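Single-letter residue listing:
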Amino acid sequence: MTGKGKANSDLVRVFKQHLEQQFPVDGDQAPVQLRKPSDFARVLQVHVNHLNRALTAVTGKTTTEVLNERFVLEAKRLLWETDWKIASISWSLGFREANNFSAFFKRHTGVPPTVFRDRQKKAK
């Protein structure tokens, strides 16, 4: 691996550590603080474009794609495993408004969170 490849891999590894430290979300903690690529770039002390190039080179996905996938995964977990209201899930994942969370969830899964939860309950 070249120096640039190793540097990219190291940056991605640290990015993923920061991302995963926020999960799993529980009701006793403050909402997720790192939501956007720029939040991570600030913490990692790199330009957001540099972070995005490194992630794309290593994972084949943009920073936004990686974040969206992880937030959808955590949202699904909360919908499956808790009886939290959608507003509580929204808040805990760092969304300011429940409608924004619902639109985000539907855009990435094809169904609103309430429908997703109802389907999971019926499948059990």
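In the block above lies the structure referred to throughout.
The rules behind the values
- Residues numbered from 1 in each chain as written.
- Predicted model: local features only at pLDDT ≥ 70, side-chain atom pairs only at ≥ 80, totals over all residues.
- Heavy atoms only, no water.
- Helix = DSSP H or I, 4+ residues; strand = E, 2+ residues; numbered from the N terminus.
- Axes fitted to C-alpha atoms, helices over the stretch in contact; angles between N-to-C directions.
- Parallel < 35°, antiparallel > 145°, perpendicular 65-115°, else oblique.
- Contact = heavy atoms within 4.5 Å.
- Nonpolar A, V, L, I, M, F, W, Y, C, P; charged D, E, K, R; others polar.
- Salt bridge = Lys/Arg side-chain N within 4 Å of Asp/Glu carboxyl O.
- Buried < 20%, exposed > 50% of the residue type's maximum accessible area, 1.4 Å probe, protein only.
- Polar contact = N/O pair within 3.5 Å; in protein donor to acceptor, adjacent residues only side chain to side chain.
- Left-handed = near helix turned anticlockwise from the far one by under 90°.

A. Spotlight on the environment of Leu-79. Here Leu-79 is to be found in helix H4 (residues 63–81). Remark: the alpha-carbon pair of Leu-79 and Lys-121, spanning 42 residues in sequence, is separated by 9.7 Å.

B. Broad picture of the packing of H4 against helix H6 (residues 98–109). Relative orientation of the contacting elements H4 and H6 amounts to 105 degrees, with a least axis distance of 10 Å. Comparing the axis directions of H4 and H6 gives the class roughly perpendicular. Listed contacts from H6 to Asn-68, Phe-71, Val-72, Ala-75, Lys-76 and Leu-79 of H4 are Phe-101, Phe-104, Phe-105, His-108 and Thr-109. Residue classes in the contact of H4 with H6 are distributed as seven nonpolar, three polar and one charged.

C. Quick peek at the pattern of salt bridges. The tally for this structure, following the rule as stated, stands at eight salt bridges. With a shortest N-O distance of 2.8 Å, Glu-20 and Arg-70 are connected by a salt bridge. With Glu-20 in helix H1 (residues 3–20) and Arg-70 in helix H4, the pair connects residues that are 50 residues apart, well separated along the chain. Judged by relative accessible area, which is 13%, Arg-70 ranks as buried. Notably, a salt bridge pairs Glu-74 with Arg-70, separated by 3.5 Å at the nearest N-O pair. Of the two residues, Glu-74 and Arg-70 both sit in helix H4, four residues apart, roughly one turn of that helix. Here Glu-74 falls in the buried class, since its relative accessible area comes to 2%. Within this structure, Glu-20, Arg-70, Glu-74, Arg-77 and Glu-81 form a network of salt bridges that share partners.

D. Highlighting the side chain of Thr-82. Among the structural elements, Thr-82 can be located in the loop between H4 and helix H5 (86–92). Side-chain polar atoms of Thr-82 contact the backbone oxygen of Leu-78, separated by 2.5 Å. The contacts of Thr-82, once residues within four sequence positions are left out, are Arg-77, Ile-89 and Arg-117.

E. Inspection of the packing of H1 against H4 at higher detail. Viewed as axis vectors pointing N to C, H1 and H4 meet at an angle of 30 degrees, and their least axial separation amounts to 12 Å. One way to sum up the angle between H1 and H4 is to call them roughly parallel. Of the two possible hands of crossing, H1 and H4 adopt the one that is right-handed. For the pair H1 and H4, contact is made by Phe-15, Leu-19 and Glu-20 and by Thr-63, Val-66, Leu-67, Arg-70 and Phe-71, respectively.

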